Amino acid sequence: MQIFLNDRLVDESEAMVSVFDHGFLYGDGVYETMRAYEGVVFSLDEHLGRLGRSASLIRMQIPGRKFIAGAVYETIRANGLSNAYVRVTLSRGKGPIGLDPALCKKPTLVIIAELFKPYPVKLYQDGVFLVISPVIRNHVRAINPMIKSLNFLNNILAKADAIDRGAYEAIMLNTEDNIAEGTVCNIFFVKDGSVCTPSVDAGILDGITREIVISLARKSGLPVHEGLFSPADILSATEVFFTNTTAEVMPVSRVDDTAYAVGSVSQKLRKLYQAEVRHYVHLFRDSQKEID
Ligand code: PLP
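Residues numbered from 1 in each chain as written. Predicted model: local features only at pLDDT ≥ 70, side-chain atom pairs only at ≥ 80, totals over all residues. Heavy atoms only, no water.

Q: Go over the sheet that holds strand β1 (residues 2-5) with me, naming the residues and quoting the values.
A: By way of backbone hydrogen bonds, the strands of a sheet pair with one another, either parallel or antiparallel. With antiparallel pairing, six strands are arranged side by side in an open sheet as β2-β1-β6-β5-β3-β4. Looking along the sheet, the strands with just one partner apiece sit at the ends: β2 (8-11) and β4 (40-41). Here two bridges tie strand β3 (residues 29-37) to β4, and the two strands are oriented antiparallel to one another. When the bridges of β4 are listed, Tyr37 appears paired with Val40. Strands β3, β4 and β5 (84-91) of the sheet are contacted by helix α2 (residues 44-57), whose axis makes an angle of about 175° with β3. (Pairing = 2+ DSSP bridges. Helix = DSSP H or I, 4+ residues; strand = E, 2+ residues; numbered from the N terminus. Contact = heavy atoms within 4.5 Å. Axes fitted to C-alpha atoms, helices over the stretch in contact; angles between N-to-C directions.)

Printed below as a string of structure tokens:
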């Protein structure tokens, strides 16, 4: 496998990062997960925009968007991939031990592109089991969940607890006991015909899939309610689903002891999302033809 490291592609066996990298020492850095469909990285601009916002929230200077976008495509092509999982990581870089970000002169950039392994069809047919986590999502004034940071222990602890309880994913609450988000996804539910999802004020990552699904729902005439919701709201919902870049729209069959049918709203939004991806891929291809 070819890995993009800082400024060039190297073989996986040579893709090494220093033990003095502050990403390793302190979880100091940011990242993005993207998905390429037929060689086209979906919503690349939005992902790079969020990467830039995450970096600026941790006061980190990173290479320009054009450079990273070029490196992402170079990595996908070097590995002969078409449908790919792409992870862009930017750590604070190598520096002496100590918390001062100024100790690190240059961020470390790593881009990994692997074959995308589709989720089992059964998960989309039957839905997945979620539990409400005893682990509270980071407070916005501690580590703001808007930062897609390498400091992922908050989510890892919630995920480990969910796995212990036989669940697929955890729903994390915020410090006010409102629903925040999953460990790697945004939460949606359907109540009284409205598509409901925690607003950014709940202390969540502003998911790119979430934003697209909200806009698709609105365009298709479904009312959308972004707000603050309690666990009781979700437990009295008729449908629950989650969204993220890799799973797209995933139905939920159970939250704690409450069961849900895989409903028509999540199915409809999943189809609309997939059509949006196809549309994006075609537009991208057409724009490339014009350049050629
Ligand atoms: N929330 C968290 C904590 C995440 O880690 C992710 C993605 O990994 C999401 C939400 C969903 O974001 P996106 O739709 O941009 O993949």
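Q: For the domain arrangement of the chain, give the residues involved together with the corresponding values.
A: Partitioning the chain into structural domains gives domain 1 (2-115) and domain 2 (121-277). Between the C-alpha centres of domain 1 and domain 2 the distance comes to 26 Å. Taken together, the contact pairs 26 residues of domain 1 with 18 residues of domain 2. When the buried surface of domain 1 facing domain 2 is broken down by residue, Tyr31, Phe42 and Arg50 rank first, second and third, together holding 36% of it. Counting every contact that joins domain 1 to domain 2 gives two salt bridges. The partner of Glu248 in a salt bridge is Arg35, with the nearest N and O atoms 3.4 Å apart. Taken together, domain 1 and domain 2 are joined by nine residue pairs in polar contact (both at pLDDT 80 or more). Contributions of two or more residues to the side of domain 1 that touches domain 2 are made by α1 (22-26), β3, α2 and β5. For the side of domain 1 that touches domain 2, the per-class residue count stands at ten nonpolar, nine polar and seven charged. (Domains from an automatic or database assignment. Buried area = accessible area lost by both parts, 1.4 Å probe. Salt bridge = Lys/Arg side-chain N within 4 Å of Asp/Glu carboxyl O. Polar contact = N/O pair within 3.5 Å; in protein donor to acceptor, adjacent residues only side chain to side chain. Nonpolar A, V, L, I, M, F, W, Y, C, P; charged D, E, K, R; others polar.)

Q: Provide a residue-level description of unusual backbone geometry, including the pertinent values.
A: With a phi close to 65°, Asn6 is a non-glycine residue in the positive phi region. Of note in this structure, Glu38 is not a glycine but carries a positive phi near 45°. You can see Glu38 is positioned in the loop between β3 and β4. Taking the relative accessible area as the measure of exposure, Glu38 reaches 47% and is therefore partly exposed. (Buried < 20%, exposed > 50% of the residue type's maximum accessible area, 1.4 Å probe, protein only.)

Q: Residues and numbers for the site of the ligand, please.
A: Taken together, 17 residues lie near the ligand, and Arg50, Glu181, Ile208, Thr209 and Thr245 sit nearest. Thr209 places a side-chain nitrogen or oxygen 2.6 Å from an oxygen atom of the ligand. Here Thr245 contributes a side-chain N or O atom positioned 2.6 Å from an oxygen atom of the ligand. When the ligand sits alone it has 390 Å² of accessible area, and the protein chains cover 95% of it. Of the pockets mapped on this structure, the ligand occupies the largest pocket. For the shell around the ligand, the elements supplying multiple residues, two or more each, are β9 (179-182) and α6 (208-219). Class assignment for the residues of the shell around the ligand results in five nonpolar, eight polar and four charged. (Near = heavy atom within 4 Å. Areas by Shrake-Rupley, 256 points an atom, 1.4 Å probe, with all protein chains shown as cover. 1 Å grid on protein atoms, 1.4 Å probe; cavity = no way out; pocket = protein on both sides within 12 Å on 5 of 7 lines; lining within 4 Å. Sits in = over half its atoms within 2 Å of the grid points.)

Q: Any details on the packing of α6 against helix α8 (residues 264-291)? Residues and values, ideally.
A: Between α6 and α8, whose axes approach to 10 Å, the crossing angle comes to 110°. One way to sum up the angle between α6 and α8 is to call them roughly perpendicular. Between α6 and α8, the residues in contact are Thr209, Ile212, Val213, Leu216 and Ala217 and Leu269, Leu272, Tyr273 and Glu276, respectively. Class assignment for the residues of the contact of α6 with α8 results in seven nonpolar, one polar and one charged. (Parallel < 35°, antiparallel > 145°, perpendicular 65-115°, else oblique.)

Q: With reference to specific residues and values, describe a nonpolar patch on the surface.
A: Together, Val19, Phe20, Phe24, Leu25 and Ile97 make up a nonpolar patch on the protein surface, roughly 520 Å² of accessible area in all. Position of Ile97 among the secondary structure elements: in the loop between β5 and β6 (108-115). Judged by relative accessible area, Ile97 falls into the exposed class, the value being 61%. (Patch = residues over 30% accessible without salt bridge, like charges linked within 9 Å, V, L, I, M, F, W, Y side chains within 5 Å.)

Q: Outline the packing of aromatic side chains, supporting the account with residue identities and numerical values.
A: Evaluated as defined, the whole model comprises eleven aromatic pairs. A centroid spacing of 6.0 Å and a plane angle of 70° characterise the contact between Phe4 and Phe67, whose relative ring orientation is edge-to-face. Of the two residues, Phe4 sits in strand β1 while Phe67 sits in helix α3 (residues 65-78), which places them 63 residues apart along the sequence. For Phe4, a relative accessible area of 2% translates into the label buried. In this structure Phe67 comes out as partly exposed when scored by relative accessible area, which is 36%. (Phe/Tyr/Trp six-rings, centres within 6.5 Å; stacked < 30°, edge-to-face > 60°.)

Q: Just give me the short version of the nonpolar core, but keep the residues and values in it.
A: Among the nonpolar cores identified, the biggest contains 47 residues, and Val86, Val88 and Tyr273 are the most heavily contacted of them. Shared between two domains, this core takes at least three residues from each, and those domains are domain 1 (2-115) and domain 2 (121-277). Setting aside residues no more than four positions away along its own chain, Val88 makes contact with Val30, Tyr31, Glu32, Met34, Leu51, Ile68, Val72, Leu109, Val110 and Ile111. In this structure, Leu123, Leu130, Ile171 and Ile234 belong to the second largest nonpolar core, which totals 22 residues. (Core = buried A, V, L, I, M, F, W, Y, C linked by side-chain atoms within 4.5 Å.)

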